[in-house]
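A structural walkthrough
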Amino acid sequence: FVVADERGRPLIVHNCENATQAASRDILVYGMKAADEAGYTVVLHVHDELICETPDDPAYTAEGLAEHMTTGAYWAVGLPLATAPGSSGPPGSII
């Protein structure tokens with residue numbers, strides 16, 4: 001964003017990339033906490049992906065994890081969040 005003086009000349013120019021990355025990280029951590037509290041033990045995260053360990057129970061699904069990841073923080077109400085749940089591990093693994 002740009003803050004201009006009374007003549008419209010740029011006074012301050014900021015790059016918003018860091019603010020966007022910070023907000024994205026906060027949303028990810030909020031989802032990680034929600035997933036962990038629901039029994040999806042987060043063992044690793046890379047960028048916007050979570051790797052979790054769960055009990056061998058059909059109640060734990062990729063879709064369930066996706067729901068926890070997209071619940072969103074209270075301060076981000078209305079922010080459209082979506083996931084593409086999937087698995088790249090052995091049968092029964094959730095990523």
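What comes next is a walk through the structure. Just so it is clear, the model here is predicted, and its values are computed rather than measured.

Quick word on the pattern of salt bridges
Under the definition given, this model contains two salt bridges. Note that D26 is salt-bridged to R25, the shortest N-O span being 3.1 Å.

What about the packing of aromatic side chains?
Counted under the stated rule, the structure contains one aromatic pair. Between Y40 and Y60, the ring centres sit 5.1 Å apart and the planes meet at 75 degrees, which makes this aromatic pair edge-to-face. With Y40 in the loop between helix 1 (17-37) and strand 3 (41-46) and Y60 in the loop between strand 4 (49-53) and helix 2 (62-69), this residue pair connects regions lying 20 residues apart in the sequence.

Definitions and limits used
- Residue numbers here run from 1 along each chain, matching the order of that chain's written sequence.
- Under the rules for a predicted model, residues below a pLDDT of 70 receive no local features and side-chain atom pairs below 80 are neither given nor counted, while totals for whole chains, interfaces and linings still include all residues.
- Processing note: side-chain calculations cover all non-hydrogen atoms of the structure and skip hydrogens and water entirely.
- Salt bridge, as applied in this entry: a Lys or Arg side-chain nitrogen positioned within 4 Å of an Asp or Glu carboxyl oxygen.
- Two aromatic rings from Phe, Tyr or Trp, using only the six-membered ring of Trp, form a pair when their centres are within 6.5 Å; if the ring planes differ by under 30 degrees the pair is stacked, by over 60 it is edge-to-face, and anything between is tilted.
- Starting at the N terminus, helices and strands are each numbered in turn, a helix being any DSSP run of H or I of at least four residues and a strand any DSSP run of E of at least two.

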